[in-house]
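What follows is the residue order along each chain.
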Amino acid sequence: MSTSTLWLIVLAAGLGTFALRLSFIQIADRIALPRPFIRALRFVPAAVLSAIILPAVLRLPDGTMSYALDNPRLLAAIGATLIAWATRNALVTILGGMALFWLLGWLL
Amino acid sequence: MRNRKNEEWQDWLEGIRAIAPLLPAALPFGMMAGLAAAKVDFDALLGIGQSAIIFAGASQIAMTQLIGEKALPVMAVLTVLLINLRFAMYSASLSLHLRGLSAAKKSLAAYLLTDQAYALALARFTLHPDWPLDKKFRFYLGTAITLWVVWMASAALGYYLGAGLPPSWGLEFGVPIAFIALMVPGLRDSATVAAACVSGGMAVIAAPLPNNIGLFLAALCGIATGYVWESVMLAPHEEDNA
């Protein structure tokens, strides 16, 4: 991709993200928010992040998908999920997940 | 006069103190955003500048990943916006506390809105509903600007350090790991877990579809699942910040 295309992507993404952040801070004084809308938004982070995580974990560096249980990526991701669940700490989760990944890659 | 200035500084300090424990966890994530940009050959200005322009790690990493996969530019932008939809939810919840700020101050607060600053500010404002608007704003800026500075420093660090790291270390796997660190603390009840499970499963099934369209379909399925699960299985979730 050309540099100008990359800049356009980043600027559009930045402007759109700013609009999302400003949206209700700017208008909620005047407009009542529909409850079903708010309730649906609650599930966006879990749904979107999960949809990114699972294929990324199962996709091998060569682009094929691996569903094998001895896939170090899958095992390390499960371990990282448990660490995240127990600690709720991003630093510990990232360090633990990567350590597991390297260890399992070396063992398996 | 001197006394009032001192008090205002205390509000800032309180915000800085609140965010301090979260900074070590923000550092590797910011570095990962810088590293991801370096990996897809962003130049230094854009690679580090995107962290100031977008200022949302998960979406930046996803965007650079899509650019690396040669996805359509419009899909890269839409993916960023879909991941960042949660900011609209934060915006709605925080707006009740920021009523009456000038347009410029609202814009500054909005630009600096992050998971961490939102969570800290909302918890504090709920604890001290009597705080005047200016005091709330100063506390919020104390948390949010501190995180911004650390974020930018870590993005620069990740950009330059990341460019020199060998691929055999498998550091690209840090990206899904970082997403796990971001997602799991948000799984607060069975409805969000159901949303994540259905969305993740659908994303794997739909992975062969072009241009990451599977991500959108899977996320929509997950959101619908969470919504229905909550309606059927749980008592309607009351907003705790009203």
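As the structure is a computational prediction, the values presented were derived from the model and not from experiment.

### A short note on the overall build of chain B
Check the secondary structure of chain B and you find 12 helices and 0 strands. In chain B, the succession of α and β elements from N to C terminus is α-α-α-α-α-α-α-α-α-α-α-α. Taking all contacts inside chain B whose residues are at least 6 apart in sequence as the whole, residues at least 24 apart take part in 73%.

### Details of the overall build of chain A
Along chain A, the regular secondary structure elements total 5 helices and 0 strands. When the helices and strands of chain A are listed from N to C terminus, the series reads α-α-α-α-α. Residues classed as buried in chain A amount to 44% of the 108 residues present.

### Some remarks on unusual backbone geometry
The bulk of non-glycine residues show a negative phi, and the bulk of peptide bonds are trans. Residues and elements named next belong to chain B. Non-glycine residue D41 carries a positive phi angle of around 65°. Relative to the helices and strands, D41 is located in the loop between α2 (23-39) and α3 (44-53). We classify D41 as partly exposed; it has 15 C-beta atoms within 10 Å.

### Structural notes on the environment of V44(A)
Summarising the element assignment, V44(A) is placed in helix α3 (residues 44-58). On the basis of neighbour count, V44(A) is assigned to the buried category, with 25 C-beta atoms found within 10 Å.

### Concerning α3(B)
Given 3.6 residues per helical turn, the α-helix brings residues three or four places apart onto the same face. Buried within α3(B) are the following residues: G47(B), I48(B), Q50(B) and S51(B). Buried residues along α3(B) cover an arc of 145° about the axis, so they all sit on one side.

### Structural notes on the nonpolar core
Of all hydrophobic cores here, the largest spans 109 residues; its most connected members are A47(A), A178(B), F179(B), I180(B) and M183(B). Residue contributions to this core peak at 12 residues, all from α3(A).

### Concerning the interface of chain A and chain B
With 63 residues of chain A in contact, the opposing surface of chain B contributes 76 residues. Contributions of two or more residues to the side of chain A that touches chain B are made by α1 (3-27), α2 (35-41), α3, α4 (72-87) and α5 (90-107) of chain A. A total of 21 residues in the side of chain A that touches chain B trace back to one element, the largest contributor, which is α1(A). Of the residues that constitute the side of chain A that touches chain B, the class distribution is 44 nonpolar, 13 polar and 6 charged.

### Quick word on helix α10 (residues 174-183) of chain B
Counted residue by residue, α10(B) has 10 buried out of 10 residues, so it is predominantly covered. Residues of α10(B) that are buried: G174(B), V175(B), P176(B), I177(B), A178(B), F179(B), I180(B), A181(B), L182(B) and M183(B).

### Regarding the packing of α5(A) against α10(B)
When two helices pack together, their arrangement is given by the angle between their axes and by how far apart the axes lie. Here α5(A) crosses α10(B) at 145°, and the two axes come no closer than 9 Å. You can see that α5(A) and α10(B) cross each other, and the crossing is right-handed. Between α5(A) and α10(B), the residues in contact are A90(A), T93(A), I94(A), G97(A) and M98(A) and G174(B), I177(B), A178(B), I180(B), A181(B) and L182(B), respectively. When grouped by side-chain class, the residues that make up the contact of α5(A) with α10(B) number 8 nonpolar, 3 polar and no charged.

### Section: the packing of α1(A) against helix α5 (residues 73-83) of chain B
With their axes 9 Å apart at the nearest point, α1(A) and α5(B) run at an angle of 25° to one another. In terms of axis orientation, α1(A) runs roughly parallel to α5(B). Relative to α5(B), the crossing made by α1(A) is right-handed. Taking contact as the criterion, the partners of T5(A), L8(A), I9(A), A12(A), A13(A), G16(A), T17(A) and L20(A) in α1(A) are, on α5(B), P73(B), A76(B), V77(B), V80(B) and L81(B).

### Here's the deal with the confidence of the model for chain B
Confidence in the prediction of chain B, expressed as mean pLDDT, is 85, and 89% of residues score 70 or more. On the interface metric, ipTM, the complex scores 0.81, and its pTM is 0.69.

### Some thoughts on the environment of W106(A)
Residues and elements named next belong to chain A. Mapped onto the elements, W106 comes out in helix α5. Classification of W106 as exposed rests on a count of 8 C-beta atoms within 10 Å. Distance from W106 to P72, taken between C-alpha atoms, is 9.2 Å for residues 34 residues apart in sequence.

Parameters and conventions
- Counting starts from 1 at the beginning of each chain's written sequence and moves along it residue by residue.
- The naming scheme follows written order: chains are lettered A onward, ligands numbered 1 onward.
- Local features in this predicted model are restricted to residues whose pLDDT is 70 or higher, and side-chain atom pairs enter the listing and the counts only when it is 80 or higher, whereas totals over whole chains, interfaces and linings include all residues.
- Strands are runs of DSSP state E lasting at least 2 residues, helices are runs of H or I lasting at least 4, and numbering of each runs from the N terminus.
- By the criterion used throughout, residues are in contact when their C-beta atoms, derived from the backbone, lie within 7 Å.
- Between the buried cut of 20 or more and the exposed cut of 12 or fewer other C-beta atoms within 10 Å of a residue's own C-beta lies the partly exposed class, and all C-beta atoms are placed from the backbone.
- This arc is built from the directions going out from the helix axis to the C-beta atoms.
- Nonpolar cores are built from buried Ala, Val, Leu, Ile, Met, Phe, Trp, Tyr and Cys residues. These are joined into a set through C-beta atoms within 7 Å.
- Gly is put with the polar residues, along with every residue not named as nonpolar or charged; the nonpolar set is Ala, Val, Leu, Ile, Met, Phe, Trp, Tyr, Cys and Pro, and the charged set is Asp, Glu, Lys and Arg.
- The axes used here are C-alpha line fits, helices contributing only the stretch in contact, and every angle between their N-to-C directions lies in the interval 0 to 180 degrees.
- Take the far helix as the reference: if the near one is turned anticlockwise from it by less than a right angle, the crossing is left-handed, and if turned clockwise, right-handed.
- Reported orientations rely on four angle classes, namely roughly parallel under 35 degrees, roughly antiparallel over 145, roughly perpendicular from 65 to 115, and oblique for the rest.
- Per-residue confidence from the predictor is given as pLDDT, running between 0 and 100.

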